[in-house]
Amino acid sequence: MMKLSNGNFVDAKGKTTFVSIKAFASEVCNSDVCFICTKVLKSGNYNKEHVIPNWILKKFNLHNENVNLPNDTKLKYGQYVVPCCIECNSLLSEELEVPLSKAFSGGFEGVMEYLKQDGNLKLYLWLAVIFVKTHIKDQSLRMYLNKSFEHKSIAEGVGYEWEIFHHIYCLSRVPYTKSNLDSHCIGSLFIIEIDNVDNEKDFDYVDVSFANTSGIIVNNVGAIAVFGDAGAVENELRYSILPMLGQTVTSMQFRELVANFACCNLHLKNPPNHSTISDKSGIEPPKMICKFNGSKPVFEPFKQDLFGKIMDMLLGDLLDGKVAIDNFRERLKKGEVSILFDSSGQLISPKKLLKSDR
């Protein structure tokens, strides 16, 4: 095992088993290298890895549809790609895309059966890969399309702190590094069935970058992941909103669920630390470990305005003018609006939501 000047570790076969925070920020996110193996891409040895998996784009005819970017501009899904070598592209397909696309093709029952048989690791890693790709892509796109303005990437304009994403990046490389994971390296992962009574979306993807949280809808399956919390967020929400849920939510209600997971993670005062231990001999794969800061998770008192900020980000534009609530946008920003629960704390059923609030 050899440590390079950029902090990376390389084994005897030349395989980069660990990418340092420095190299992740300065090379992976800023250079023409494969985001998985970190090798410099050469003509004929790379394809373009779609940020949103190509099987999803094909399934929902999205190649010519637009993705909404953080700078309020749009880009066609077919052009929403990151650099990846042929070998790693094939690896991700074999390890993650093929089994998960098959599971999702069976709908909610198919995914639940897959998780029962194979566990949740690959689904969690798949969501980590998508999260990482979205943010690497933001580093290659201009914040301001008007070239008379200062040249900044979206990542720079938004103010990404790459070290916050580093653990997620390490997770995204697991299919390549074959790292052994401490069980607590898998954070919160919540699955719920989507009731498409509102005919809104068969596919949706959102992430709250500053909260290391993402959510995806494929057909009638909604999945939410929190990265780096060792499961603390889902455990905390099991004492509050999760027991109040029914069996299904609408796609818009799902976004509110994502907001709850993201907000809860931002309230976690003592998140665990994650690190990678490399085998000095270079024979054994690395091990990712989780070290807790305290005997149990500690959460700050709930900040309603923070929840409102996330709700407005995820739902404001989509619902503005469509719900029968006075001063909707202002109240949403203050965290005073829910499309999941009514004023008495009861779940708003999809049919009731459709009739009275839209």
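Residues numbered from 1 in each chain as written. Predicted model: local features only at pLDDT ≥ 70, side-chain atom pairs only at ≥ 80, totals over all residues. Heavy atoms only, no water.

(A) Here's a closer look at the environment of Asn54. With respect to the element layout, Asn54 can be found in helix H2 (residues 54–59). On the basis of relative accessibility, which here comes to 26%, the residue Asn54 falls in the partly exposed class. Sequence-wise, Asn54 and Gly78 are 24 residues apart; in three dimensions their C-alpha atoms are separated by 8.5 Å. (Helix = DSSP H or I, 4+ residues; strand = E, 2+ residues; numbered from the N terminus. Buried < 20%, exposed > 50% of the residue type's maximum accessible area, 1.4 Å probe, protein only.)

(B) View of empty space enclosed by the protein. All chains considered together, the criterion is met by two cavities of 30 Å³ or more. Estimates place the volume of the largest cavity at around 60 Å³. Taken together, Thr17, Phe18, Val19, Cys170, Arg173, Val174, Thr177, Ser179, Thr276 and Met288 make up the lining of the largest cavity. Contributions of two or more residues to the lining of the largest cavity are made by strand S3 (16–18) and helix H8 (174–177). Considering only residue class, the lining of the largest cavity consists of five nonpolar, four polar and one charged. Considered as a void within the structure, the second largest cavity measures approximately 30 Å³ in volume. Lining the second largest cavity are Phe24, Phe131, Val132, His135, Ile136, Trp162 and Phe165. Within the residue set of the lining of the second largest cavity, elements represented by two or more residues are helix H5 (121–138) and helix H7 (162–172). A total of four residues in the lining of the second largest cavity trace back to one element, the largest contributor, which is H5. Class assignment of the residues belonging to the lining of the second largest cavity gives a composition of six nonpolar, one polar and no charged. (1 Å grid on protein atoms, 1.4 Å probe; cavity = no way out; pocket = protein on both sides within 12 Å on 5 of 7 lines; lining within 4 Å. Points joined across faces, edges and corners; volume = space filled by probe spheres on them. Nonpolar A, V, L, I, M, F, W, Y, C, P; charged D, E, K, R; others polar.)

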